[in-house]
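Coordinate inspection notes
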Amino acid sequence: MRALCVTVDLDRDVNRAAPGRTEAVCGDDMCCRCGSSGEGAIILSELLDDLNIRGTFFAEAYTLMSVGASSVSGHEVALHGYDHEDFTGQVSGMPMCERDIRDVMERSVNTVKDVTGATPRGFRAPYMRAHDPLMSILGEYGIEYDSSEYASMGRSVMPYLKWGITEIPVPKGKDASGRTIAAYLWPMHEGNRGPRDYIEMASGMEEGVFVIATHTWHMVESIKGGMMDRARREKNLDDVRNVISSLIDSGYEPMTMEQAMGRFPPSGSNARTG
Ligand SMILES: [Zn+2]
């Protein structure tokens, strides 16, 4: 069985880590804005509703509060930090201590609960930068699965146990020309990849979970080109629709990450199926 999980990072606009700061900044500004993210959240949740599938939004708590839960209603909401923290300190130069990590986890879980009314079960580290001090405590905050790792694309891409929880990785492999491709759609939003690249990539999998990932703000704003004009937005939306609907047409069964966790219990776990 092949599952398709459409995952969306609901985070601040064109975010990046900056030296000396734990929280993310937006593009070249040192500000924090979520306008593009709010627009993109509505565009993507409407697309998923149109296709009659439920997606998983990995929400940065601050942006979720700014954007509001109604823009992602009906979909799973999981965690993506509070301020899109650079937990590992790889760029900021300031790795977070355990007390600060715990503070972020507690505040972000509580914020998602308050805003959505539901307890988040999943986590994705900002920038996909995961390290043991963060990952080893996720279970204590009710997190049951994580999606912060890339896995080698093959005929089988299965969830596995790591850090005491289920890891549902984002596939990464090589395209026909030998270039690296991950199932993160951002090169497509930037004009460097087309839907066909991702459809080809997914066609190589025979069983497991194919996790597609994207960002809300990337539906209306790009890193290279700034705010998209109307034609660019429409093409961007058509491209995302094309990838998702082609995979479903080819036999992929769409589901949320929490559903995939139940359907593909990692070997050695006591997770229930169904
Ligand atoms: Zn992010």
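1. Structural notes on unusual backbone geometry
- Non-glycine residue Tyr127 carries a positive phi angle of around 60°.
- The exposure class of Tyr127 is buried, given the 21 C-beta atoms found within 10 Å.
- Unusually for a residue other than glycine, Trp163 sits at a positive phi of about 55°.

2. A word on the pairing of strand 14 (residues 207-215)
- Most of strand 14 is tucked away, with eight of its nine residues classed as buried.
- With eight bridges connecting them, strand 1 (residues 2-10) and strand 14 associate as parallel partners. Following the sheet pairing, Arg2 is matched in strand 14 by Gly208.
- By the bridge criterion, two bridges tie strand 9 (residues 156-157) to strand 14 in an arrangement that is parallel. Among the inter-strand pairings, Val157 is bridged to a residue of strand 14, identified as Gly208.

3. Some words on the nonpolar core
- Among the nonpolar cores identified, the biggest contains 73 residues, and Ala183 and Phe210 are the most heavily contacted of them.
- Sequence-distant contacts of Phe210, that is, excluding residues within four places in its chain, are made with Arg2, Ala3, Leu4, Val157, Pro171, Ala183, Ala202, Met205 and Tyr252.

4. Considerations on the sheet that holds strand 12 (residues 170-174)
- Reading across from one edge, 8-12-13 is the order of the three strands in this open sheet, with mixed pairing throughout. Looking at strand neighbours, the two that pair on one side only are strand 8 (150-152) and strand 13 (180-182), the edges of this open sheet. Neighbour to neighbour, the strand axes of the sheet diverge by 30° on average, direction disregarded.
- Sheet analysis places strand 12 next to strand 13, joined by three bridges and oriented antiparallel. If you follow Lys174 over to strand 13, its bridge partner there is Thr180.

5. Quick word on the environment of Arg232
- Within the secondary structure, Arg232 is located in helix 7 (residues 230-249).
- C-beta crowding within 10 Å serves as the criterion here: with 16 such atoms nearby, Arg232 is assigned to the partly exposed category.
- With 11 residues separating them in the primary sequence, Arg232 and Glu221 have C-alpha atoms 9.6 Å apart.

6. Considerations on the pairing of strand 4 (residues 56-59)
- On strand 4, burial covers both faces: Thr56 and Phe58 on one face and Phe57 and Ala59 on the other are all buried.
- Both strand 1 and strand 4 contribute to a ladder of four bridges, which runs parallel. When the bridges of strand 4 are listed, Asp9 appears paired with Phe58.
- For strand 4 and strand 5 (residues 76-79), the ladder comprises four bridges, and the chain directions are parallel. Considered in strand 5, the bridge of Phe57 is made with Val77.
- A crossover connection joins strand 4 to the parallel strand 5 through helix 2 (residues 61-67); in handedness this β-α-β unit is right-handed.

7. Structural notes on the environment of Arg230
- Along the chain, Arg230 falls in helix 7.
- The exposure class assigned to Arg230 is exposed, which follows from the 7 C-beta atoms found within 10 Å.
- Residues Arg230 and Val220 lie 10 residues apart in sequence; the distance between their C-alpha atoms is 8.8 Å.

Here is what the cut-offs are and how they apply
- Residues numbered from 1 in each chain as written.
- Predicted model: local features only at pLDDT ≥ 70, side-chain atom pairs only at ≥ 80, totals over all residues.
- Buried ≥ 20, exposed ≤ 12 C-beta atoms within 10 Å, placed from the backbone.
- Helix = DSSP H or I, 4+ residues; strand = E, 2+ residues; numbered from the N terminus.
- Pairing = 2+ DSSP bridges.
- Core = buried A, V, L, I, M, F, W, Y, C linked by C-beta atoms within 7 Å.
- Contact = placed C-beta atoms within 7 Å.
- Axes fitted to C-alpha atoms, helices over the stretch in contact; angles between N-to-C directions.
- Right-handed = clockwise from strand over helix to strand, strands pointing away.

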